[in-house]
Amino acid sequence: AQSVTQLDSQVPVFEEAPVELRCNYSSSVSVYLFWYVQYPNQGLQLLLKYLSGSTLVESINGFEAEFNKSQTSFHLRKPSVHISDTAEYFCAVNAKETSGSRLTFGEGTQLTVNP
Amino acid sequence: EPEVTQTPSHQVTQMGQEVILRCVPISNHLYFYWYRQILGQKVEFLVSFYNNEISEKSEIFDDQFSVERPDGSNFTLKIRSTKLEDSAMYFCASLVGGNEQFFGPGTRLTVL
């Protein structure tokens, strides 16, 4: 079984400031890691994922996340946020060895970018 | 770009009534899922479906719930007798066989 903890339920920041959204996970098996974003009144969109290889993964809109196996973390960062980044961000994991396994989500972090 | 679609976008029902939520997964995908998100809470797994049968279900997915892939394109979630606590956003997702689950826009179910 897996569990995911997002340490901050709400993160308010000013535009152009850096931000880090924290995610820790627990699992008895190896996992894939994901960040999903949910804009108001919309569904879940994949932001980025870690499967294997380089522990630093990047999205097309400037976010990056680093997999740290020893700390079982997958924190999401952006060096300079925009108003349009305001959304709920969910960290999720699923088991590597099982094809099509369920995603286990964290509680979510509401990122609010203020002008 | 292919996408997962869900209908209706919003369903209002009376407690005790049956509802069917519909999803059209991406056409060549093999795994199908339902998740739900109660307002203000995290997204929770309900059930996964592969090769025309349930492959995994959570403790939430009790006898009141059922899933079906009636015609090779639709994937439905039925709740037989809705309760107030079934009010939530229900998301369908599909997977071709890699690891990225594609989510639909969701159906908001309101039980009165």
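Below is a short write-up of the structure. (Residues numbered from 1 in each chain as written. Chains lettered and ligands numbered in written order. Predicted model: local features only at pLDDT ≥ 70, side-chain atom pairs only at ≥ 80, totals over all residues. Heavy atoms only, no water.)

## Section: the overall build of chain B
Item 1. Within chain B one finds 0 helices and 11 strands.
Item 2. The C-alpha radius of gyration of chain B comes to 13 Å, within 12% of the 13 Å expected for a compact globule of 112 residues.
Item 3. Residue burial in chain B is summarised as follows: out of 112 residues, 47% are buried.
Item 4. Intrachain contacts of chain B at a sequence separation of at least 6 include 54% that bridge at least 24 residues.
Item 5. When the accessible surface of chain B is summed, it comes to about 5600 Å², and 46% of that surface belongs to carbon and sulfur atoms.
Item 6. In chain B, 9 positive and 14 negative side-chain charges are present, and the distance between their average locations comes to 4 Å. (Helix = DSSP H or I, 4+ residues; strand = E, 2+ residues; numbered from the N terminus. Rg over C-alpha atoms; globule rule 2.2 N^0.38 Å. Buried < 20%, exposed > 50% of the residue type's maximum accessible area, 1.4 Å probe, protein only. Contact = heavy atoms within 4.5 Å. Areas by Shrake-Rupley, 256 points an atom, 1.4 Å probe, with all protein chains shown as cover. Lys, Arg positive; Asp, Glu negative; His and termini not counted. Charge placed at Lys NZ, Arg CZ, Asp CG, Glu CD.)

## A word on the side chain of His75(A)
Residues and elements named next belong to chain A.
Item 1. Here His75 lies in strand E9 (residues 73-78).
Item 2. Judged by its relative accessible area of 16%, His75 falls in the buried class.
Item 3. At 2.9 Å, the side chain of His75 forms a polar contact with the backbone nitrogen of Cys23.
Item 4. Contacts of His75, omitting those with residues within four sequence positions, involve Glu20, Leu21, Arg22, Cys23, Asn24, Trp35, Glu64, Ala65 and Glu66. (Polar contact = N/O pair within 3.5 Å; in protein donor to acceptor, adjacent residues only side chain to side chain.)

## What about the sheet that holds strand E3 (residues 19-24) of chain B?
All names here are of chain B.
Item 1. The antiparallel open sheet is built from 4 strands, whose spatial order is E1-E3-E8-E7. Strands with a single pairing partner mark the edges of an open sheet, and in this sheet they are strand E1 (5-7) and strand E7 (65-68). Adjacent strand axes in the sheet meet at a mean angle of 20°, parallel and antiparallel pairs treated alike.
Item 2. Note: E1 against E3, 3 bridges, orientation antiparallel. Bridging across to E3, Gln6 finds its partner in Cys23. (Pairing = 2+ DSSP bridges. Axes fitted to C-alpha atoms, helices over the stretch in contact; angles between N-to-C directions.)

## As for the environment of Tyr39(A)
Residue and element names in this part refer to chain A.
Item 1. You can see Tyr39 is positioned in the loop between strand E5 (31-38) and strand E6 (44-50).
Item 2. For the pair Tyr39 and Thr86, spaced 47 residues apart in the sequence, the C-alpha separation amounts to 7.4 Å.
Item 3. If we skip the residues at most four places from it in the chain, Tyr39 touches Gln45, Ser84, Thr86 and Ala87.

## Observations concerning the interface of chain B and chain A
Item 1. Across the contact, 18 residues belong to chain B and 20 residues belong to chain A.
Item 2. Taken together, both faces of the contact between chain B and chain A bury some 1700 Å²; the carbon and sulfur share is 52%.
Item 3. In terms of surface lost to chain A, no three residues of chain B exceed Lys42(B), Asn99(B) and Phe103(B), which account for 33% of the buried area on that side.
Item 4. Where chain B meets chain A, there are 2 salt bridges.
Item 5. A salt bridge links Glu56(B) to Arg102(A), with the nearest nitrogen and oxygen atoms 2.8 Å apart.
Item 6. Summed over the shared surface of chain B and chain A, the result is 6 residue pairs in polar contact (both at pLDDT 80 or more).
Item 7. Secondary structure elements with two or more residues in the side of chain B that touches chain A: strand E4 (31-37), strand E5 (43-50), strand E6 (53-57) and strand E9 (88-95) of chain B.
Item 8. For the side of chain B that touches chain A, the element with the most residues is E4(B), which contributes 4 residues.
Item 9. Residue composition of the side of chain B that touches chain A, grouped by class: 9 nonpolar, 5 polar and 4 charged. (Buried area = accessible area lost by both parts, 1.4 Å probe. Salt bridge = Lys/Arg side-chain N within 4 Å of Asp/Glu carboxyl O. Nonpolar A, V, L, I, M, F, W, Y, C, P; charged D, E, K, R; others polar.)

## Let's talk about the state of the cysteines
Residues and elements named next belong to chain A.
Item 1. Counted under the stated rule, the structure contains 2 disulfides over all chains.
Item 2. Here Cys23 connects covalently by a disulfide to Cys91, the sulfurs 2.0 Å from one another. Taking the torsion about the sulfur-sulfur bond, which here is approximately -65°, the covalent link between Cys23 and Cys91 counts as left-handed. Highlighted residues: Cys23 in strand E4 (residues 23-27) and Cys91 in strand E10 (residues 87-95), separated in sequence by 68 residues. (Disulfide = S-S within 2.5 Å.)

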